[in-house]
Amino acid sequence: MRRSAALVLTLAAALTHTSACGRPTGPYPSREIKLVIQSTPGGLSDTVSRVLAALMEPELGVPVVCENRPGAAGALAFSYVTRQAPTGYLIGHGPVEIAMVKALGYANVGPEDMDLLCLVTKTKPVLAVRAAGPWRRLEDFLQAARARPGYYIVANSGTGSIWHINALLLERETGIRLVHCPFSGSSAALTALLGGHVDAAVAGTGEVGPHAKAGTLRALAVFDESRSPLFPDTPAVAEAGYRLGVSAWGGFYGPKGLAPEARAKLVAAFRNAFASPRFQALCQERGMEAIFLEPEPFREFALAQAAFFRKAIPELLAGGAR
Amino acid sequence: MTGSEIAAGLAAVLAWDVLLFLLAGTLLGAVFGALPGLTATMGVAILTPLTFWVSTEQGLAMLIGIYCGAIPAGGIPAVLINIPGTPASIAATWDGYALARRGRAGLALGINSLFAFLGQFASILFLALAAFPIASFGLRFGPAEYFALAVFGISLMAGVSGGRIIPGLLAGMLGLALATVGLDPMTAYPRFTFGSAELLDGLAFVPAMIGLFGLGEVLARMMERTAGPGLAPPPLSRIWPGWSELRRMAAPGLLGSATGTLVGAIPAAGGDIASVIAWEQARRVSRRPEEFGEGSVEGLAASASAANAAIGGAMTTMLTLGIPGDAPSAVLIGALLIHGVQPGPLLFRDHGALVYSIIFSMLLAALLILALGLAGARPLARALRIPEPWLWAGVIVLGVVGSYALNNSLVDVWVMFGAGLLGLVCRRARVPVGPLVLGLILGPMMEANLRRALILSRGDWSALLARPLVVALLAAAVASLAWPVWKAWRARTHSEPSARA
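Quantities reported herein were computed from a predicted structural model and do not represent experimental measurements.

Asker: Where do I start with the overall build of chain A in this structure?
Answerer: Counting its secondary structure elements, chain A contains 11 helices and 11 strands. The C-alpha radius of gyration computed for chain A amounts to 22 Å, which stays within 12% of the reference 20 Å derived for 322 residues, consistent with globular compactness. Across its three principal axes, chain A shows a C-alpha extent of roughly 80 × 40 × 35 Å. Put simply, chain A has 322 residues, and 56% of those count as buried. Relative to all contacts within chain A whose residues are 6 or more apart in sequence, the contacts with residues 24 or more apart total 74%.

Next up, the structure:
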């Protein structure tokens, strides 16, 4: 008897719980909001999401709970979030990979399947070498690489990763030929560079910055049209006459079809959290540029990025295992 | 490094608010470590953004508390229910659980706490005295060295087979084969994923570990169990080891501490590999190698001290070079950066007091978790008096929840169940699972780094052998394979005359 009573109670609890999930009560938001992060705890995406979530809570008046669903360069999280109902109670962190995973063949999902909310950070690529080495300017490195095609080894954070794509773009734009060595993440790639096991590495400003400040690595060039405010002394490739580089970025999105009211509230909360001194300080310390894009400009930007990767990734990776 | 910096570091830690955060962190770490599926890395990572709202000293104290509290606590489920609480306590299951099944759970928990403390204390001492030499050793590890380290680890497969060498090696090969699932580490081409995006990153290791050790053991025990009332609950054993046991454990404990510190200092190698290597080395030098895996106090002392000494090693690399020595310290770098502290060579010059406050925080956390572990050993050992069916049900629930919690992925739960069935089959067929787990851990490390090393040497295999550390590690691997053969040969030639007589 007691057992069946307990069973009935459990079932009733489960039923009320599911029905509560489907039907919002009162004005949005009336219960907790889930924020799905596409990476493991501890990384940059995770820290940015968790700090913003905590900053948004007072304004929204409900808890913003972060959940990590790592895997397949973020494709698992993107597919999961876009499959859910657009209630406004489930959103996701969307890095540059939302524009890449389709071209990489990991999952059939892209920015066109999402309701994009806002962009908050941008991280430019940097070509780094050992500070003790002979190369002081980008041109020194290019000259050496031209003299010995296919000789110098450049580390990246993984085949098909954003920094690998940038190293391939460098080759294509400058006509040099390098050997690409993928590592599991930028930290491992830079460790190999510090240990003298590779000749150079392409990684983000935030990842190279600490080592450049410590005087162990030298940033030769920022892959962008303009310098990074975080690296005012490092020239942009455009200054040497090259046009290349695609930055990493981070933003937020929800399943397609969010109600306008919920979307406006979320974007406003993100905007205010973004402007807070705490978030600005976080970006400064971790070497990211704090840039805010409203939903519409972000959508245009993300779609353009997806179009770029759709064309560039097959072309660049066509060389096979490089 | 001056006396005033040491004093300032100590004073910063002894403030009551910092102590409170340290205590909270250590308690929280113990919970994260003791629950399978929740790892030390996850504990540090989830709490890191929260430290944004407190002072640098408070935040660091809490995160260090979590790290230092989680690893010793990971040994608790390893001893009690055969599930490593964190990957670092895999080797602790081999002797710890065997001791618990013989009714000596209290003693096993006591040894786990004492030698975890020894490992942490010794590695912190190394950090304080020889940070830069240890760290430069870690930096010498390039792809070729990682490959050689993995080969050395794989050469231990025979040793962790518990005498069943051929089945053990087969299980090891199976582990290596399963480790190939997922994106190819070099070309990012999907292998054995059957079109599933969930498998692109390979079979998740922690759920596989929970299944092989925990669920597999539970299923095996269920099948062994005869009808009627179960066995009488084992009497509570003492917690403190006796003098003769302590004397026997001194050498393996120190060996484990040194091994753990060095392996921990190598980036991308942590307590899991360290404790397996230490356990096997301790078995080699032991006078009672036959006890290893059957409840040897020496084996438990070696693995517990190595798993924990890896903390100090990893912190050494992290603080001196600004590169992570293992997964939790990778997260700690992010936490330090949030507070405007830049780990690296300049940290010791510009922020000496902060370095000492980190060292003292680690020491205090080690003492706290020692006290907690010893105080908790008796009540925890009593948990084994729960009737077996209830205990098993609890283990299965913990396994499911833990596997899901890791990545919030249902596929991981299926991996856990699959690994559990595999674990059951292995136990019924008397195939050791230790080598299988070793294959799962070391397979990706061996493959990716061999291929990286060949990219760096431009396809020249002989260039790998031009590196002294590679030669040393490969020689150690050959020696560890030859050792049992030589011992068996010695035993045969020595015993033959008497056998004939």
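Asker: Explain the overall build of chain B here, please?
Answerer: The helix and strand inventory of chain B stands at 19 helices and 2 strands. Rg of the C-alpha trace for chain B: 22 Å, near the compact-globule value of 23 Å for 501 residues, within the 12% margin. Judged by the C-alpha coordinates and their principal axes, chain B covers about 70 × 60 × 55 Å. Here chain B holds 501 residues, and 59% of them are scored as buried. Pairs at least 24 residues apart make up 79% of the contacts formed inside chain B by residues separated by at least 6 positions.

Asker: When you look at the sheet that holds strand β10 (residues 248-255) of chain A in this model, what are you seeing that I'm missing?
Answerer: Consider a sheet: its strands pair through backbone hydrogen bonds, and that pairing is either parallel or antiparallel. All names here are of chain A. Strand order in the open sheet made by the 6 strands is β2-β1-β3-β10-β4-β11, with mixed pairing throughout. Each end of this open sheet is capped by a strand with a single partner; those strands are β2 (64-68) and β11 (289-293). Taking each pair of neighbouring strands and ignoring which way they run, the sheet shows an average axis angle of 25°. Bridge count between strand β3 (residues 90-95) and β10: 4 bridges; the pairing is antiparallel. For Pro95, the partnering residue across the bridge sits in β10 and is Gly250.

Asker: Is there a simple way to think about the pairing of strand β1 (residues 33-37) of chain A in this case?
Answerer: Every regular strand shows the same layout, with side chains that alternate between the two sheet faces. Residues and elements named next belong to chain A. In terms of burial, β1 is largely enclosed, as 4 of its 5 residues are buried. By the bridge criterion, 5 bridges tie β1 to β2 in an arrangement that is parallel. The residue of β2 that forms the bridge with Lys34 is Val65. Between the parallel pair β1 and β2, the chain is carried across by helix α2 (residues 44-60), and the sense of this crossover is right-handed.

Asker: How do you make sense of the domain arrangement of chain A when you look at a structure like this?
Answerer: Accessible area lost on assembly of the parts is the figure often given for the size of an interface. All names here are of chain A. Once the domains are mapped, chain A shows domain 1 (32-122 + 248-314) and domain 2 (125-246). Distance between the C-alpha centres of domain 1 and domain 2: 27 Å. If one sorts the elements of the side of domain 1 that touches domain 2 by residue count, helix α11 (residues 295-317) sits on top with 3 residues. For the side of domain 1 that touches domain 2, the per-class residue count stands at 8 nonpolar, 1 polar and 2 charged.

Asker: Is there a simple way to think about the interface of chain B and chain A in this case?
Answerer: Contact residues are listed per partner, giving 40 residues for chain B and 41 residues for chain A. When residues of the side of chain B that touches chain A are assigned to their parent elements, the largest contribution, 5 residues, is made by helix α13 (residues 327-338) of chain B. Of the residues contributing to the side of chain B that touches chain A, the split by class is 24 nonpolar, 12 polar and 4 charged.

Asker: Honestly, the nonpolar core in this entry has me stumped. Any pointers?
Answerer: The tendency in soluble globular proteins is for nonpolar side chains to be buried side by side. Residues and elements named next belong to chain A. By size, the foremost hydrophobic cluster in this structure holds 281 residues, and its most contacted members are Ala128, Leu193 and Ala201. Of the domains in this structure, domain 1 (32-122 + 248-314) and domain 2 (125-246) are the two that each give at least three residues to this core. With residues up to four places along the chain from it excluded, the contact list for Ala201 reads Ala128, Val154, Ala155, Asn156, Ala189, Leu190 and Leu193.

Asker: What exactly am I supposed to notice about the packing of helix α6 (residues 105-139) of chain B against helix α10 (residues 243-265) of chain B here?
Answerer: All names here are of chain B. Contact geometry of α6 with α10 gives a least axis separation of 8 Å together with a crossing angle of 45°. Judged on the interaxial angle alone, α10 and α6 are oblique. As for the relative orientation of α6 and α10, their crossing is right-handed in sense. Of α10, the residues touching α6 (which contributes Phe115, Leu118, Gly119, Ala122, Ser123, Phe126, Ile134, Ala135, Phe137 and Gly138) are Gly253, Gly256, Ser257, Gly260, Thr261, Leu262, Gly264 and Ala265. Among the residues forming the contact of α6 with α10, the class breakdown is 9 nonpolar, 9 polar and no charged.

Asker: Would you take a moment to explain α13(B) for this structure?
Answerer: Think of an α-helix as 3.6 residues a turn; residues three or four steps apart then line up on the same face. Residues and elements named next belong to chain B. Taking 1.5 Å per residue as the helical rise, α13 with its 12 residues ought to reach 16 Å, and the 18 Å between its terminal C-alpha atoms agrees with that figure. Of all 12 residues in α13, 12 are buried, a share of seventy percent or more. Buried within α13 are the following residues: Ala327, Pro328, Ser329, Ala330, Val331, Leu332, Ile333, Gly334, Ala335, Leu336, Leu337 and Ile338.

Asker: Would you mind going over the sheet that holds strand β7 (residues 179-182) of chain A with me for this structure?
Answerer: Pairing is mixed across the open sheet formed by 5 strands, whose spatial order is β7-β6-β8-β5-β9 (chain A). On the outer flanks of this sheet lie β7 and β9 (217-222) of chain A, each paired with one strand and no other. Pairs of neighbouring strands in the sheet enclose a mean axial angle of 30°, with direction left out of account. As judged from the 4 bridges shared by strand β6 (residues 153-156) of chain A and β7(A), these two strands associate in the parallel manner. Looking at β7(A), one finds that Ile153(A) is bridged to Val179(A). In this fold helix α18 (residues 434-456) of chain B packs onto β6 and β7 of chain A, with an angle of close to 160° to the strand it touches most, β7(A).

Asker: Quick question: what am I supposed to make of the confidence of the model for chain B here?
Answerer: Regions with low pLDDT carry predicted coordinates that are not meant to be interpreted in detail. For chain B, per-residue confidence averages 86 on the pLDDT scale, and residues scoring 70 or more make up 96% of the total. Among the scores for the predicted complex, ipTM is 0.80 and pTM is 0.82.

Each value, and the rule that gives it
- Residues numbered from 1 in each chain as written.
- Chains lettered and ligands numbered in written order.
- Predicted model: local features only at pLDDT ≥ 70, side-chain atom pairs only at ≥ 80, totals over all residues.
- Helix = DSSP H or I, 4+ residues; strand = E, 2+ residues; numbered from the N terminus.
- Rg over C-alpha atoms; globule rule 2.2 N^0.38 Å.
- Buried ≥ 20, exposed ≤ 12 C-beta atoms within 10 Å, placed from the backbone.
- Contact = placed C-beta atoms within 7 Å.
- Pairing = 2+ DSSP bridges.
- Axes fitted to C-alpha atoms, helices over the stretch in contact; angles between N-to-C directions.
- Right-handed = clockwise from strand over helix to strand, strands pointing away.
- Domains from an automatic or database assignment.
- Nonpolar A, V, L, I, M, F, W, Y, C, P; charged D, E, K, R; others polar.
- Core = buried A, V, L, I, M, F, W, Y, C linked by C-beta atoms within 7 Å.
- Parallel < 35°, antiparallel > 145°, perpendicular 65-115°, else oblique.
- Left-handed = near helix turned anticlockwise from the far one by under 90°.
- Expected span 1.5 Å × (residues − 1).
- pLDDT = per-residue confidence, 0-100.

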